[in-house]
Structures are given as structure tokens and as C-alpha cells.
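Here are the chains, one letter per residue:
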Amino acid sequence: MELHRFGSAVRQLRESTDPADLGLPVGKRRTRGLRREELGELAGMSADYVRRLEQGRSHPSAGVVDAIAKALHVGRSDYERLCALAGYAALEGQVPKELGPGAVRLLERFSDTPMFVSDAAMNLIAVNSAFMALRHWDLTGDPWDWNVAWRSFCDPLIGFKQSAADATDHEAVLVAQLRSAVLRYPADSDLTALIDEMRTRSRMFDDLWRNPRPVAAYESSAAFVHPDGGSVTLMGSLIAIPGDDLAALMLTPAPGSADASRLAELVAEEGDPAIIRVGQSGPG
């Protein structure tokens with residue numbers, strides 16, 4: 001019953017949204033409001049998936065609820081109603097940090113692929129040994145040593161190099177992820193402190209926070225510089241783990257490339273595959 005109510009709420013919001021308010025052409029329309037295709041494009045999902053949601057035939061993740069709310073520019077009350085109908089009570093809670101079975105399976109099944117799992121605030125929770133084999137993540141003793149966004153904007157990793165275009169995409173994703181987290185977890189004091197500190201320390205982050213760029217793709221490439229002087233170029237692809245409100249980043253080389261061979265060597269040198277829990281003070 002709740003899924004049908006959620007679907008009805010999405011449809012009502014979609015049909016009551018003026019396309020012109022979202023910068024969409026009005027033209028001649030047979031139906032009022034947004035088309036399913038338009039909502040799907042704005043929220044990063046297919047029109048068929050929007051249809052299944054509206055018909056109560058699919059259970060949305062917290063990320064999907066957030067994406068729909070942002071796409072339709074809904075207010076706080078409508079957002080809270082969508083969350084409640086979808087069965088999420090994250091609005092007053094803390095950012096989840098539990099490494100669920102889905103995340104563990106990903107880390108186990110891709111043991112030869114560098115990967116980390118992060119929470120909604122972009123704090124690393126666990127990595128696999130292939131990720132540690134890259135030897136690029138140095139620790140400085142800062143409270144946010146293991147936060148991806150902090151390290152990108154306020155304390156860049158020496159062994160992580162990106163082109164201007166890839167850095168632009170990467171920054172847009174990080175800001176979008178944090179803005180989404182703040183919307184879902186406004187009562188999390190650690191998240192609030194992180195955002196405040198980043199806005200103080202990084203003018204770039206503050207500018208992007210106030211004027212976020214659209215996310216072109218949830219992936220970008222980077223060169224990971226090993227302490228031995230060599231480097232390996234990998235593509236990072238972000239994968240949502242909706243049930244636990246976590247995300248996994250997989251780092252893959254171009255198939256058959258010299259980077260693929262170099263990565264295989266580094267992973268082999270690391271020894272037996274392992275899942276490593278990480279936190280504010282380093283691996284543990």
C-alpha cells in the first residue's frame with residue numbers, strides 16, 4: 001500500500017510541476033506537468049523506471065527518493081513525505097556507517113580490482129587489499145584523513161593526479177554526493193561540521209557548494225603514482241549500494257593495456273586478498 005501511495009505522490013508532484021520552472025520547453029503538451037521521460041532524464045533514471053515507481057511496482061532506494069526530490073525541486077515537507085512513504089526515516093538520523101553484506105560481497109568478489117566503500121558523507125569505511133596496493137593514500141593525522149571530499153578539496157593526495165576535465169567531473173560528483181547527504185541527514189553534526197570546515201578551508205568547494213555543477217558522469221580517470229615512481233591510470237566508477245546507503249568506487253584499467261599489467265603486478269605483490277576496515281586513524 002505504501003509503495004502505491006509513494007507512486008501516487010511522485011505522479012502528483014510530476015504533473016503539478018511547471019516545466020518552465022525547471023528550464024524545460026513548454027510547447028504543446030497533451031498532459032500537464034512534466035513527462036515521465038523528462039523526470040527520468042532530470043533524475044538520472046529511465047522513463048520506464050519512473051512508470052514502475054508511479055505504479056507501485058518498484059521499491060525506491062533512498063538515493064532514488066533524493067534524486068526525484070531534487071529533480072522536481074520539491075520543498076522540505078514534500079521531501080519528508082516522499083521519504084516516509086518510501087519507508088526511510090533518515091531525516092533525523094545519523095549517516096549509516098555499517099558495512100553491510102552487499103558491500104562485503106562486492107569487496108570479496110572483485111578482490112583483484114582496487115575498490116573502496118564509503119558512507120553518504122564520503123568517509124571511507126572499508127577498502128580491499130588491491131586498493132591499498134596502489135600506495136597513494138597517505139595519512140596526515142587530520143580528523144578527516146579518510147574522507148574523499150576532504151582529501152580532494154582541502155588536503156590533496158600527492159599520489160593522485162587528474163586532468164582538468166576529469167578533476168571537474170570528480171569535483172561535481174563529490175559536491176553532489178555531499179549535498180544529497182545533507183538533505184537526507186540534516187541532524188548529523190559530524191556531517192555539518194565537515195561541510196562547514198570545507199567551506200572555510202576551500203574556496204573552490206565553497207563556490208561549488210553555492211553553485212553546484214551538473215554531474216556529467218559518475219566516473220573519472222586518474223593516475224595513481226606509486227612510491228616507486230611508476231604510475232597506473234585507472235577509471236573510477238561509482239556504484240550505489242542503496243540498502244545500506246553506501247557507495248563503492250571501482251578502479252579499473254583499460255583492458256589489455258600496460259596499466260592493466262602494472263596493476264596486476266602491484267596487486268600480486270600485496271599478497272592474499274583482504275578486506276580492510278578503515279577509519280579516522282587509519283587501517284584497523
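Since the structure is predicted, the reported quantities are computational estimates derived from the model, not experimental observations.

K.L.:
Help me understand the packing of aromatic side chains in this model?
P.N.:
For any pair of aromatic rings, geometry is given as the distance between the ring centres together with the angle between the planes. Throughout the structure, instances matching the rule amount to seven aromatic pairs. Note on Phe116 and Phe131: the rings are 5.7 Å apart at their centroids and 85° apart in plane angle, and the pair reads as edge-to-face. One end of the pair, Phe116, is in strand E1 (residues 115-118); the other, Phe131, is in helix H7 (residues 129-132), with 15 residues separating them in the sequence. Each member of the pair, Phe116 as well as Phe131, carries the same accessibility label: buried. Connected via pairs of aromatic rings, a cluster forms that spans Phe116, Phe131, Trp137 and Trp146. Stacked on the ring of Trp209, the Lys or Arg Arg179 has its end atom at 5.3 Å from the ring centre.

K.L.:
Looking at this structure, how should I read the environment of Asp66?
P.N.:
With respect to the secondary-structure elements, Asp66 resides in helix H4 (residues 62-72). Classification of Asp66 by relative accessible area gives buried; the value is 2%. Measuring from C-alpha to C-alpha, the distance between Asp66 and Leu183 comes to 8.0 Å, with 117 residues separating the pair along the chain. In this view, Asp66 contacts Tyr79, Ser180, Leu183 and Arg184; residues no more than four positions away in its chain are not counted.

K.L.:
Would you explain unusual backbone geometry in this entry?
P.N.:
Note on backbone geometry: most residues besides glycine have negative phi, and most peptide bonds are trans. A positive phi angle, close to 55°, is found at His73, a residue other than glycine. Positive phi is not limited to glycine here, since Arg135 has a value of about 55°. One can find Arg135 in the loop between H7 and helix H8 (148-153).

K.L.:
Before we go on, may I ask you to explain the sheet that holds strand E3 (residues 160-161) in this structure?
P.N.:
Note: strands within a sheet are paired through backbone hydrogen bonds, in either parallel or antiparallel orientation. Reading across the sheet, the seven strands line up as E3-E4-E5-E6-E1-E2-E7 and stay open at both edges, with antiparallel pairing between neighbours. The sheet terminates laterally at E3 and strand E7 (275-277), the two strands that pair on one side only. The pairing of strand E4 (residues 219-225) with strand E5 (residues 231-241) spans seven bridges and is antiparallel. Bridge pairing in E5 links Phe224 to Val232. Packed on one face of the sheet, helix H6 (residues 101-109) meets E1, strand E2 (124-128), E5, strand E6 (246-252) and E7 and runs near 170° to E1. Lying over the sheet, helix H9 (residues 164-184) contacts E3, E4 and E5, oriented at roughly 115° with respect to E4.

K.L.:
Help me understand the packing of H9 against helix H11 (residues 203-210) in this model?
P.N.:
Each pair of packed helices gets described by two things: the angle between the helix axes and the distance between those axes. In contact at an axis separation of 10 Å, H9 and H11 are set at 60° when each is read in the N-to-C sense. The angle between the axes of H9 and H11 places the two elements in the oblique class. Our pair here, H9 against H11, has a crossing hand that is right-handed. Note on element contacts: H11 touches H9 through Met204, Phe205, Leu208 and Trp209, opposite Glu171, Val175, Leu178, Arg179 and Val182. Residue composition of the contact of H9 with H11, by class: seven nonpolar, no polar and two charged.

K.L.:
Which parts of the structure should I look at to understand H4?
P.N.:
For the α-helix, the turn length of 3.6 residues means that residues three or four positions removed from each other point alike. Of all eleven residues that make up H4, nine are buried, and the element is covered over most of its length. By the burial criterion, the buried members of H4 are Ala62, Val64, Val65, Asp66, Ala67, Ile68, Ala69, Ala71 and Leu72. Within two residues after H4, His73 carries a phi angle of roughly 55°, on the positive side.

K.L.:
Explanation requested: helix H10 (residues 189-201) in the structure shown.
P.N.:
With 13 residues, H10 should cover 18 Å at 1.5 Å per step; its first-to-last C-alpha distance of 18 Å lies within 8% of that length. Among the residues making up H10, those that are buried are Leu191, Leu194, Ile195 and Met198. End-on, the buried residues of H10 take up no more than an arc of 95°, which puts them together on one face. Buried-residue contacts for H10 involve H8, H9 and H11. Measuring from the backbone nitrogen of Asp190 back to the side-chain oxygen at the start of H10 gives 3.1 Å, which picks out Asp188 as the cap.

Thresholds applied
Residues numbered from 1 in each chain as written. Predicted model: local features only at pLDDT ≥ 70, side-chain atom pairs only at ≥ 80, totals over all residues. Heavy atoms only, no water. Phe/Tyr/Trp six-rings, centres within 6.5 Å; stacked < 30°, edge-to-face > 60°. Helix = DSSP H or I, 4+ residues; strand = E, 2+ residues; numbered from the N terminus. Buried < 20%, exposed > 50% of the residue type's maximum accessible area, 1.4 Å probe, protein only. Lys NZ or Arg CZ within 6 Å of the ring centre and 35° of its normal. Contact = heavy atoms within 4.5 Å. Pairing = 2+ DSSP bridges. Axes fitted to C-alpha atoms, helices over the stretch in contact; angles between N-to-C directions. Parallel < 35°, antiparallel > 145°, perpendicular 65-115°, else oblique. Left-handed = near helix turned anticlockwise from the far one by under 90°. Nonpolar A, V, L, I, M, F, W, Y, C, P; charged D, E, K, R; others polar. Expected span 1.5 Å × (residues − 1). Arc of directions from axis to C-beta. Polar contact = N/O pair within 3.5 Å; in protein donor to acceptor, adjacent residues only side chain to side chain.

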